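# Fold and geometry: a report
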Amino acid sequence: MSTLVAAAAGAAVLVASPASGAASTLAAAAQQSGRYFGTAVAANKLSDSTYVGILNREFDMVTAENEMKMDATEPSQGQFSYGNADRIVNQARNQGKRVRGHALAWHSQQPGWMQNMSGTALRNAMLNHVTQVASYYRGKIYAWDVVNEAFADGSSGGRRDSNLQRTGNDWIEAAFRAARAADPGAKLCYNDYNTDNWSHAKTQGVYRMVQDFKSRGVPIDCVGFQAHFNSGNPVPSNYHTTLQNFANLGVDVQITELDIEGSGSTQAQQYQGVVQACLSVTRCTGITVWGIRDTDSWRASGTPLLFDGSGNKKAAYTSVLNVLNNASSTVPTTPTSTTDPTGPTTTTTPQNPGGCTATYREGQKWNDRFNGEVTVSGTNNWVVTVTVSSPQRIIATWNTTATWPSANVMVARPNGNGNTFGFTVQHGGNWNWPSVSCQVG
């Protein structure tokens, strides 16, 4: 990202973005923190002036809703059709927008000829499809969902039984290698749904695959989280943990198909939580909502998007825009951090002249608050400044004597209980880590 500045070794710092007023569109607001804000587009809607007006104004990343899937791009074996996909790609690029490709290989929406294949013939046909489509769009695609929805729901944490899976467990790896050869410049993503909750077996299964791919040099650059939520499947309280743990494997994370059924303030709060989670993870590079107006959605009856059927901005839109603008004054650089899949994350500040170093460690999280812990090294006579961002507030402390120069700033000093202290943050939907700095007292 052009707005990011490399951190010093062992450091996690916040770097000011260029000064600007609050942005008035989703894309502009997201760009201030080095991220994108996109939407899914249907080719048959490109003649709708209201639809296109919102698209051109609000979004800077475009995903074809169905037009790049296997049945659309290769309806007959060996005969490729790109007309509707090209309409979307050309419209986006003519407006200066980037494109996410969705999707090269999937068990669903296969053309009829492929559904009837198996074994080596199917494997070869799948790899040819990946190669031909990715080659055709080479240089025009920011990121490809190379493989979509390959893991099973439920408690197994294993692969979905599909005709592609039955060609051999290495089919996903083979697809990624073919995509890299076809378009070396595109980011290559694995994309799935119901992988939002860190404790779920499906999430863990995908995590293990990505971990394995990274350890063996399989070309994977990003993981997409579809993020289809409703009252029965709300945004989980550990969503930030999920995104961060995947990012710590060395991949970008992207929210790829966001929609949240509901209305009013409840829907707005859920959207706010998702955006906050992305903003708190440095390698969460962008968010895509799956459609523009509620009436354009595949879940239209649940009114899950940011604009109503007439194209008016909803409360959820205002919530998202405000969160993006509130985060735009600082851009998090890539921290040196360590995360155990079942444990917390730590971030170490640079050692100041005089030998004072503070290390922040994530603690337990709840729906409305989270704990943080700071360990100081280099001196027993320290002063640590902890700064939280609105609407956060620190509601409890331990093992320190604290003073409050302002509502968002706590100054902590030793109280005789050692060099580790903690605090609880009421987050108000803002999951960003506090910033900590240390000096010798």
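For the protein chain, the name recorded in an unreviewed UniProt entry is Beta-xylanase, with Saccharothrix carnea as its organism. Note on the protein chain: under the UniProt heading Catalytic activity (unreviewed entry), the record states "Endohydrolysis of (1->4)-beta-D-xylosidic linkages in xylans." The annotation that UniProt attaches to the protein chain under Sequence similarities (unreviewed entry) is "Belongs to the glycosyl hydrolase 10 (cellulase F) family."

### Comments concerning the UniProt feature "active site" (unreviewed entry) in the protein chain
UniProt records the feature "active site" (unreviewed entry) for Glu257 in the present numbering. Position of Glu257 among the secondary structure elements: in strand 9 (residues 252–260). Beyond its immediate stretch of four places on either side in the chain, Glu257 contacts His102, Asn148, Asn191, Phe225, Gln226, Ala227, His228, Thr288 and Trp290.

### Topic: helix 7 (residues 171–182)
In this model helix 7 runs 16 Å from its N-terminal to its C-terminal C-alpha over twelve residues, within 8% of the 16 Å that 1.5 Å per residue would give. Across the twelve residues of helix 7, nine count as buried, placing the element largely inside the fold. Listing the buried residues of helix 7 in full gives Trp171, Ile172, Glu173, Ala174, Ala175, Phe176, Ala178, Ala179 and Ala182.

### Overview of the confidence of the model for the protein chain
Model confidence for the protein chain is summarised by a mean pLDDT of 88, while 89% of its residues fall at 70 or above. This model gives residues 1–20 a pLDDT under 50, and the stretch forms 44 contacts once residues within four places in sequence are excluded. Across residues 328–344 the pLDDT falls below 50, and counting only partners more than four positions away or on other chains, this stretch makes 57 contacts in the model.

### Remarks on the state of the cysteines
For the structure on display, the rule yields three disulfides. The side chain of Cys278 participates in a disulfide bridge whose partner is Cys284; the two sulfur atoms lie 2.1 Å from each other. Its S-S torsion of approximately -105° makes the covalent link between Cys278 and Cys284 left-handed. The pair formed by Cys278 and Cys284 is uniform in burial state, with each residue classed as buried. Between the sulfur atoms of Cys356 and its disulfide mate Cys438 the distance is 1.6 Å. Here the residue Cys356 occupies a position in the loop between strand 13 (345–348) and strand 14 (357–365), and Cys438 occupies one in strand 21 (residues 435–440), the gap between them amounting to 82 residues.

### Looking at the nonpolar core
Phe37, Trp144, Val147, Phe176, Tyr239, Leu258 and Leu306 are the most contacted members of the largest nonpolar core, which has 97 residues in total. The greatest single-element share of this core, amounting to seven residues, is contributed by helix 7. Residue contacts for Phe176: discarding those within four places in its chain leaves Val146, Val147, Leu188, Cys189, Tyr190, Phe213, Val218, Pro219 and Ile220.

### With respect to the packing of helix 8 (residues 201–216) against helix 9 (residues 239–247)
Where helix 8 contacts helix 9, the two axes come as close as 10 Å, and the packing angle between them is 15°. Here helix 8 lies roughly parallel to helix 9, going by the angle between them. Crossing hand, helix 8 versus helix 9: right-handed. Together, Thr203, Val206, Tyr207 and Val210 of helix 8 and Thr242, Asn245 and Phe246 of helix 9 make up the contact between the two elements. Here the contact of helix 8 with helix 9 is built from residues that sort into four nonpolar, three polar and no charged.

Conventions and cut-offs
- Residues numbered from 1 in each chain as written.
- Predicted model: local features only at pLDDT ≥ 70, side-chain atom pairs only at ≥ 80, totals over all residues.
- Heavy atoms only, no water.
- UniProt positions renumbered as here; feature names shortened; annotations may be inferred.
- Helix = DSSP H or I, 4+ residues; strand = E, 2+ residues; numbered from the N terminus.
- Contact = heavy atoms within 4.5 Å.
- Expected span 1.5 Å × (residues − 1).
- Buried < 20%, exposed > 50% of the residue type's maximum accessible area, 1.4 Å probe, protein only.
- pLDDT = per-residue confidence, 0-100.
- Disulfide = S-S within 2.5 Å.
- Core = buried A, V, L, I, M, F, W, Y, C linked by side-chain atoms within 4.5 Å.
- Axes fitted to C-alpha atoms, helices over the stretch in contact; angles between N-to-C directions.
- Parallel < 35°, antiparallel > 145°, perpendicular 65-115°, else oblique.
- Left-handed = near helix turned anticlockwise from the far one by under 90°.
- Nonpolar A, V, L, I, M, F, W, Y, C, P; charged D, E, K, R; others polar.

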